[in-house]
Every structure is written in C-alpha cells, then in structure tokens.
Amino acid sequence: MEKKRVFGTGGELLVHQLLAQGVRYAFTNTGSAEAGFFNALLTVPGVQPILLLAESLVLSAADGYAKAAHKPAFVNVHLAAGTRQGSGQLQNAYFDGTPMVVTAAMRDVGSYGDHGALVASGGFSQMGAVEDITKRRWEVWEAGGIPTVTRRAFKDATTFPTGPVYVAYASSALEATNVEAVIQAADPPHTGLLPDSSVLHAIWDALLNAEKPLLVCGPDIGAAGAEEEILALAERLALPVATGIFDYASFPVHHPYSEESYDVVCCIGYRQNTRGNPTDLRFREAGTVIAIGHDPSLLGNTFPVDIAVWGNVRHTLAALNASWKEAHAQLPHLARRAAALRSKGEQRMQQLLDEAHGHAGEQPIHPNYLAHVAGTVLPEGTLVVSESFRNADHLMPFGFDKRQWRLVRTFGASLGHGIGAAVGAQLGAPDRPVVCSVGDGAVMYSASGFWTMARYGLPILTIVWNNLNYQTVRTNFHTFGGEMAKQKKYPEVYLGDPDIDFVMLAKAQGIQGAAVREPQALEAALRRGVEAISAGEPYLLDIRVATVGTGAESIWHQRFKLRD
C-alpha cells in the first residue's frame, strides 16, 4: 500500500488518513471542541462534511450510507454529550454489525477542573458512554498518534465481525501544529477462505439428502455480496427459505416460504433477534442445525448447532455450490420438492395480490393496497429505506435482480433511523432512486433530516404511512391483555389531537409535498413523487393509512389540558 509522509496539524493528519481510507463523506453535527478537525477540512480538501441537525440523525445517516455503499462510514460528533445523544442509533448500528468509525473530541477533566460542560464526569472516561455498543474504543492524547489509531479503527470496524468503533481525540491533539506522521491505509486482514473439506461435505450431504430442509437467510448475505450464491444454492437443492422478521433484503420475497417442520436447518448469515424467553431456542425439532456467518458470537450462542462455520458467507456458499453435479438435478426428491415449492410460491403470491386488490376502495387507505400500488408505480431498482413494522414491505418487489428493489433497514428497533438512513443511503447509492418509507411516529424522532435532504439536493421520496398511531406498541399492549385489552384503551399510542401536518413540516425545511387521503388519488400522487425525484428534488407524501391489527378502532387517549 502507498505510504506518504506528511506534516501538519493533528486535524490535518486526521483528514489525510481519512482520504487514504477512501472516505468521501464525514457525517457530523459540528462542535467547537472539534475545531482542529473542521479547520483541516479547508486546508486538506477531499472530504465532504454532511451536516445533520441532531446526533441521532448523524449516526443513522452513517448507518444508511454504510449499508447502501458497502463501505465503512465516518462520523464526528461533539464531545461526550454528543456521543450520548447519538447512542440510540449507535445501538442500532452495533446490533446490525454496521462498519463505522465514530469520533468526537474530548477535554481534560482531571488536570485542573473536573466539572466541565458536555464532557465526561471527573473520574470517568468518555469511552464509557459507548462501552457496550461499540466493538472497540480508543483515546488519543498525542497528535502524532492520530493516523495510527484512525487506521486501526477502520481496520477493526471492517474486520469480521464488523461493527462500529469509537475514537475520542483530545482537542489539544487535533489543534497541535507541525506534527509529522506517515499515512498509510488499512484493510481488514484476509481471513481463511474455506472450512475443511470434510465440513463442507457434511453440510452438502445434509442439505442434499434432507427430506424437509429449511434455509434461513440473514443480513450477512447482503453484507458479503453473496446474493447469486445463495440463490443458486436454494434453487438447485429446492430449499424452502425463511428470513428473520421484516428481513426482505436477504432473499427475494417472491420465493416460496418455509415448511412447517424440518429435519435439517441451515442458517446463512442469520442474526437472531432474541426475546429473552424460551422461544429463543429455535429449531428444536430439527435433527441437524447448521450455522454459517460473520459473527462467531451469533453462531450457537442461543439455540445449539451441530455444524458452525465462521467466515465470509460468500466464500462458503461458493464452495458448497461447487459440489453440485448435473446428476443431482435428476434426483426424484429434489424434483418433487421443487415442483411443490413452485406451486406454493405461485399460490402465495396470487393470494397476496388478490388480498391487496380487495382493499382498493377502502378509506383510509389500507397499507397493503398502498404497498401494492407503490410496487407498480415506483421505478425499477428503487432502494427503500424502511422504518415501520406495519407498512407491508412483504408486498414490495424486493429481490436480487438489478430491476428489483433493495431494502435498507435496522433490526435494532430504536426509533429515528429511517430519515437519516435515507440521507446516507442516497449518498451511498447516488444512481438509485431512494424512497424513505416511514411511519408517522418514527418521523417525529428525526424530522430535521428533511433539512439535510433539501440542503444537499438529495432526491429522496419520503412516504409517511400516517395512521395516527404507535401501532406496534398498541398491538403489543393488546397482547399484554389486562384492562387495556378489556377496555380497548391503550395509553399514549394515539397520535392525533392534534394531527401532525407532515407536508407543512417538510415545507418548512425546503421540501414540497402533498397529502393523500383517498385511494383514488394514490397512484397519481406517487407518480408526482417520482417526477419530483427524477428532476433531482426531494418530495414528501403524507398518506393516511388505516390502522390494522388488534385494537385498531381505538382512538382513546387520556385527555388532559393544563387549563380547561
């Protein structure tokens, strides 16, 4: 790799190292303690700062960028307080294993005073604020060490298991002058490509000869770029496929779904979202359970596995596919299973289509009908950033073909991800049309992200699925039972009274939009949105959708006015 000796301030050394790492964008909410870094952006050009107006948006934008671009993201926030402000979205990134380098300045709270604003409390490290939601953490007090630690941070963030890391630079180090350092980029170390041949043979033999197999696909497939390999394995061996909850990116949604029982289960890149109860112990009826993935802590950590492979899932899948022989296509049990799965898949997709059409005249607009119409109107190759558990992603045309849609979302479930992630995703995939598909409750965690879309001319179509509800919470409250279910009163989940005007909210920040209340107006409104983003402008649609699920008819809320 190229080495370069440079002289400059600590902040300039940081920017030189970022350029060596291929960093194009610095996602940030600025602060004066980081002045040495921001001054260096003027003297060492090449890194574009992207300003977001809250630290939570900074982190979610970096997450969306890393997922869309398949590159590590760089973040700079303000001291300990800014670090804590972004911690909800940093927790999402850690849960998902998103590679990013999160940085902030730090100040001395021991040599003199120990009661400073925005900094760590006396006797504590700033790194403690993110100790359980980052892979690794470092403090940098000497300016000469800035390139070394930054290089190490990018290496660790992108090494399996990937994830966010944190660096706190002393303000004095960023501001130091006449510092000499050698700049050299770092890549993650090369990992062993394949397990032993006996392990590969055991996996292949189990899948080939299974009577009721199940392939469980997860996010590591997309992270490794293994879409072709997983599709080939599933189709050659006629494997029923399941994914984690709301994970429509790890395998095409039109593929047949799983059997009810299985003798062999093979998990590829599956990152289990555990619930803290006995249901976490999955696949107890299976005779053989196989797990292949990027994070060894997620292989056999909850449900036991018989064969575990830690490594790049694309390499392992390619090796498994190399075991395929033309004679295998003539095996009777594979032919029978392929025919059955094909029939089930066609029936399932037709049922979903018929069900969506059945809601065509309903008002408020049914979410399944909205998803169906969006799937026919929005452009091929659309990248959807989704933040809602009830917006019918399962009806959208996600898949691996270039014409099909792609999905970015977090599985960490901390609200406020969608709008910022859409900003990052558009920067990470500038040639794709980007749609931010977000629930009304989630919008209000991150609404200032519309300003960033407008400032940088990011042509994102935001669709607000406005049902005046924290719908997931309401349905969970109903499942809890008690007086809430009996009386159909669900405290503080109704978001009307007053209704939020999302079109006005976007317009105040420089984005045009429209409200849609009737199903007959839906298609034309979506087409206007497509025209706007095709012309390079962000646009918002506030679409009133029906509440669905248990307790859907309830608009009760505890009425209170300070002065009646």
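Coordinates for the structure precede this section.
Conventions we followed
Residues numbered from 1 in each chain as written. Predicted model: local features only at pLDDT ≥ 70, side-chain atom pairs only at ≥ 80, totals over all residues. Heavy atoms only, no water. Pairing = 2+ DSSP bridges. Helix = DSSP H or I, 4+ residues; strand = E, 2+ residues; numbered from the N terminus. Axes fitted to C-alpha atoms, helices over the stretch in contact; angles between N-to-C directions. Contact = heavy atoms within 4.5 Å. Buried < 20%, exposed > 50% of the residue type's maximum accessible area, 1.4 Å probe, protein only. Polar contact = N/O pair within 3.5 Å; in protein donor to acceptor, adjacent residues only side chain to side chain. Parallel < 35°, antiparallel > 145°, perpendicular 65-115°, else oblique. Left-handed = near helix turned anticlockwise from the far one by under 90°. Nonpolar A, V, L, I, M, F, W, Y, C, P; charged D, E, K, R; others polar. Salt bridge = Lys/Arg side-chain N within 4 Å of Asp/Glu carboxyl O. Phe/Tyr/Trp six-rings, centres within 6.5 Å; stacked < 30°, edge-to-face > 60°.

Enquirer: Talk me through the sheet that holds strand 6 (residues 137-140); I want residue IDs and the actual numbers.
Expert: Strand order in the open sheet formed by six strands is 3-2-4-5-7-6, and the pairing between neighbours is parallel. Each edge of the open sheet carries a strand with a single partner, namely strand 3 (48-51) and strand 6. Here the strands of the sheet are splayed against their neighbours by 25° on average, with no regard to which way each runs. Direction of pairing for strand 6 relative to strand 7 (residues 164-170): parallel, over a ladder of four bridges. Within strand 7, the position partnered with Val140 by the bridge is Tyr169. Those strands touched by helix 3 (residues 55-69) are strand 2 (25-28), strand 4 (73-77) and strand 5 (100-106), and its axis lies near 175° from that of strand 4.

Enquirer: Any chance you could break down the environment of Gly82 for me, citing the residues and the numbers?
Expert: Relative to the assigned elements, Gly82 resides in helix 4 (residues 79-85). Through-space distance from the C-alpha of Gly82 to that of Cys267 is 38 Å; in sequence the pair is 185 residues apart. Sequence-distant contacts of Gly82, defined by excluding residues within four places in its chain, comprise Glu55 and Val77.

Enquirer: Pulling in residues and values, what's your account of the sheet that holds strand 15 (residues 406-408)?
Expert: Pairing is parallel in the open sheet, where six strands are placed in the order 15-14-16-17-19-18. Both outer strands of the open sheet, strand 15 and strand 18 (512-516), are each paired with one neighbouring strand and no more. On average, each strand axis in the sheet is inclined to that of its neighbour by 20°, with strand direction left out of account. Bridging between strand 17 (residues 460-466) and strand 19 (residues 539-544) involves six bridges; their strand directions are parallel. Paired with Thr462 across the two strands is Leu540, which belongs to strand 19. Of the strands in this sheet, strand 17, strand 18 and strand 19 touch helix 20 (residues 522-534), which is tilted by about 165° from strand 19.

Enquirer: Describe the side chain of Arg337, listing the residues and the values that go with them.
Expert: Within the element layout of this structure, Arg337 appears in helix 12 (residues 332-357). Accessibility expressed as a relative area gives 8% for Arg337, which makes it buried. Engagement of the side chain of Arg337 in a polar contact is seen with the backbone oxygen of Ala210, the distance being 3.0 Å.

Enquirer: An account of the environment of Phe7 is needed here, citing residue identities and associated values.
Expert: The residue Phe7 is located in strand 1 (residues 4-8) in this model. Classification of Phe7 as exposed rests on a relative accessible area of 57%. Each C-alpha atom of the pair Phe7 and Thr288 lies 59 Å from the other, and the pair is 281 residues apart in sequence.

Enquirer: Residue-level account of the packing of helix 1 (residues 10-20) against helix 2 (residues 35-43), with values.
Expert: Contact geometry for helix 1 and helix 2: axes closest at 7 Å, N-to-C directions at 60°. As judged from the angle between their axes, helix 1 and helix 2 are oblique. Considering how the two elements wind past one another, helix 1 and helix 2 form a crossing that is right-handed. Residues Gly11, Glu12, Leu14, Val15 and Leu18 of helix 1 form the contact with helix 2, whose own contacting residues are Gly36, Phe37, Ala40, Leu41 and Thr43. Looking at the contact of helix 1 with helix 2, its residues break down into six nonpolar, three polar and one charged.

Enquirer: Now, about the pattern of salt bridges: what can you tell me, with residues and values included?
Expert: This model, assessed by the stated rule, comprises 15 salt bridges. With a closest N to O distance of 2.6 Å, Arg5 and Glu180 form a salt bridge. On the criterion of sequence distance, the pair formed by Arg5 in strand 1 and Glu180 in strand 8 (residues 179-183) is long-range, its members being 175 residues apart. Judged by relative accessible area, Arg5 falls into the exposed class, the value being 53%. Asp63 is the salt-bridge partner of Lys67, the closest N and O atoms lying 2.8 Å from each other. Linking Lys67 with Asp63, this pair stays in helix 3, spanning four residues, or about one helical turn. Lys67 gets classed as partly exposed once you look at its relative accessible area, which sits at 22%. Residue Asp63 is classed as buried on the basis of its relative accessible area, which comes to 0%. Connected through salt bridges with shared partners, the residues Asp63, Lys67 and Asp96 form a single ionic network.

Enquirer: Tell me what's going on with the packing of aromatic side chains, and back it up with residues and numbers.
Expert: The final tally for this structure, using the stated rule, is ten aromatic pairs. Measuring from ring centre to ring centre gives 5.1 Å for Phe37 and Phe38, while their planes differ by 65°; the resulting arrangement is edge-to-face. In terms of burial, Phe37 and Phe38 fall into one category: buried. With a centroid separation of 5.1 Å and 85° between ring planes, the pair formed by Phe283 and Phe303 is classed as edge-to-face. With a gap of 20 residues between them, Phe283 in the loop between strand 11 (264-268) and strand 12 (288-293) and Phe303 in the loop between strand 12 and strand 13 (307-310) connect regions that are remote in the sequence.

Enquirer: I'd like a rundown of the packing of helix 8 (residues 197-209) against helix 11 (residues 313-321), residues and numbers included.
Expert: Helix 11 packs onto helix 8 with a crossing angle of 65° between their chain directions and a minimal axis gap of 10 Å. In terms of orientation, helix 8 and helix 11 fall into the roughly perpendicular class. For the pair helix 8 and helix 11, the crossing hand works out as right-handed. Here Leu200, Ile203 and Trp204 of helix 8 lie close against helix 11, whose contacting residues are Thr316, Ala319 and Leu320.

Enquirer: Got a sec to walk through the environment of Ala81? Specific residues and values, please.
Expert: Looking at where Ala81 falls in the secondary structure, it is placed in helix 4. Linking Ala81 and Ala129, residues 48 residues apart in sequence, is a C-alpha distance of 9.1 Å.

Enquirer: Tell me about the pairing of strand 11, and please be specific about residues and values.
Expert: When you tally the buried positions in strand 11, you get five out of five residues, the bulk of the element. Taken together, the five bridges between strand 9 (residues 213-217) and strand 11 define a ladder with parallel strand orientation. By the bridge assignment, Cys217 is partnered in strand 11 with Ile268.

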